[in-house]
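Secondary and tertiary structure notes
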Amino acid sequence: MFAKAFRVKSNTAIKGSDRRKLRADVMAAFPTLGTDQVSVLVPGKEELNIVKLYAHRGDAVTVYVSGGNPILFEVEKNLYPTVYTLWSYPDLLPAFTTWPPVLEKLVGGADLMLPGLVVPPAGLPQVQKGDLCAIALLGNRAPVAVGVAAMSTAEMLTSGLKGRGFSVLHTYQDHLCPEGRQLDIKKSSYKKLSKFLQHMQQEQIIQVKELSKGVESIVAVDWKHPRITSFVIAEPSPTSQTIQEGSREQPYHPPDIKSLYCVPASMTLLFQESGHKKGSILEGGEVRTIIINYVKRNDLVDADNKNLVKLDPILCDCILEKNEQHTVMKLPWDSLLTRCLEKLQPVYQVTFPGQEPIVKKGRICPIDITLAQRASNKKVTVVRNLEAYGLDPCSVAAILQQRCQASATVTPAPGAKDSLQVQIQGNQVHHLSRLLLEEYQLPRKHIQGLEKAPKPGKKK
């Protein structure tokens, strides 16, 4: 809604009666907020303005601005919090998580698609279609967007996390953001901007130069400065901690991963007698039972050799290649079953403890561990596909950095849309092996690259 510049119609101070009405509207729209919290959000005496504007698509929007920051906006009599308000009340709305690279697309005006969701071990929040939701980035619980659910949580899982998940209304860094979040130096201990900049430069956080006469400019920022890297969002209240423990803070439990098969259009005739149709999801054992019953029901077992099955027109069309249609009349049982499984579409089901299963097409990619050479011939260990198993790459990187006493970074995975990779200095496959196999208890078959661990006696 605010991805492009908007036109301001009016900007006026709020009246006392309108201020009281706004408080009542906030309490009605967000019943989880207490009276004290509403009083802080909509202050009694501090400056509070009503900004009426037209969004770039013509929508009439009313924005409530407190202390220079937009705190709420109203569209068609529906009240929404801004990201600034959600930073103060991060548990005001059910929060869904996406990958950091997705933010740029959301700021550009895109809606959040379900393939971009990160499913935590405790599962997705329960919402209904039309519910107001917050969107946060992996590794940071501060919301970066406000949107409306395009479907319920149950429908999201049934769809296999495909399609549009949320209509995004407002994001961090959109055109509504410049309207607020200003540093009021006069209310700080510095009183003057020049003193603040001078102090920051003395702390070696920034570099300031006079690029033109009388105009000082910030030319460099030390993003690795301890004052910046140590900055964290305040711990949530006891109430919000309970919510977090029920969602992201739970100990990791590995998902149950099951290989399944989907009936394609070319195989429907073979499976329709058993009550299945195109798109039906089956386990391998179910497929074998259906084929065996079909053969017996249609009397296709060879009378002279019970190990052979006669192929009727349906079996021929479903499992034989075109050049075999007139030459292959019978097949051994094992060959028949193998061919049937190969003709079905592979899918897989991921189920986290206590959550509804999620079915996706194809085969699940294993966690991929590789070694790479970097500058000065130094080795690094790279880990990909952690997200498919409900693992947070940022959390894994933090654990490895502490245990290996080596630098660890998280970057976008090359060639993988909205996926991250962990890169840690040195050959750390031993540490990864212990973490993934022993602590997270992931099956070895879902991890590739464990054999790259350094051999005993060799330098890492």
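What counts and how
- Residues numbered from 1 in each chain as written.
- Predicted model: local features only at pLDDT ≥ 70, side-chain atom pairs only at ≥ 80, totals over all residues.
- Heavy atoms only, no water.
- UniProt positions renumbered as here; feature names shortened; annotations may be inferred.
- Disulfide = S-S within 2.5 Å.
- Buried < 20%, exposed > 50% of the residue type's maximum accessible area, 1.4 Å probe, protein only.
- Patch = residues over 30% accessible without salt bridge, like charges linked within 9 Å, V, L, I, M, F, W, Y side chains within 5 Å.
- Areas by Shrake-Rupley, 256 points an atom, 1.4 Å probe, with all protein chains shown as cover.
- Salt bridge = Lys/Arg side-chain N within 4 Å of Asp/Glu carboxyl O.
- Lys, Arg positive; Asp, Glu negative; His and termini not counted.
- Charge placed at Lys NZ, Arg CZ, Asp CG, Glu CD.
- Helix = DSSP H or I, 4+ residues; strand = E, 2+ residues; numbered from the N terminus.
- Core = buried A, V, L, I, M, F, W, Y, C linked by side-chain atoms within 4.5 Å.
- Contact = heavy atoms within 4.5 Å.

- Looking at an unreviewed UniProt entry, the chain carries the name Eukaryotic translation initiation factor 2D, with the source organism given as Lynx canadensis.
- In its Sequence similarities (unreviewed entry) section, the UniProt entry covering the chain states "Belongs to the eIF2D family."

Quick look at the state of the cysteines
- With the rule as written, the count across this model stands at 0 disulfides.
- Cysteine cysteine 262 shares no disulfide, and the gap to the nearest cysteine sulfur, in cysteine 318, comes to 14 Å.
- Classification of cysteine 262 as buried rests on a relative accessible area of 11%.

Remarks on a positive patch on the surface
- Together, Lys162, Lys278, Lys360 and Lys361 make up a positively charged patch on the protein surface.
- The topology assignment puts lysine 361 in strand β19 (residues 358–361).

Points about the nonpolar core
- Formed by 37 residues in total, the largest nonpolar core has its most connected members in Leu22, Val26, Phe30, Leu72 and Phe73.
- Secondary-structure elements contributing two or more residues to this core are α1 (16–29), α2 (35–41), β2 (48–54), β3 (60–66), β4 (69–75), β5 (78–81), α3 (83–88) and β9 (132–137).
- Ignoring anything within four residues of it in the chain, the contact list for valine 26 reads Leu33, Val38, Leu41, Val42, Leu72 and Leu79.

Some words on the environment of arginine 23
- Examined against the element boundaries, arginine 23 turns out to sit in helix α1.
- Taking relative accessible area as the criterion, arginine 23 reaches 26% and is therefore assigned partly exposed.
- Here the alpha-carbon distance between arginine 23 and leucine 420, two residues 397 residues apart in the chain, equals 42 Å.

So, the pattern of salt bridges
- Going through the model one piece at a time under the given rule, you end up with 11 salt bridges.
- The partner of lysine 330 in a salt bridge is aspartate 302, with the nearest N and O atoms 2.6 Å apart. Of this pair, lysine 330 sits in strand β17 (residues 330–332) while aspartate 302 sits in the loop between α10 (284–297) and β16 (308–310), placing them 28 residues apart in sequence.
- For aspartate 302, a relative accessible area of 6% gives the class buried.
- The partner of arginine 339 in a salt bridge is glutamate 324, with the nearest N and O atoms 2.9 Å apart. You can see arginine 339 sitting in helix α12 (residues 333–343) and its partner glutamate 324 sitting in the loop between α11 (313–319) and β17, a full 15 residues away along the chain.

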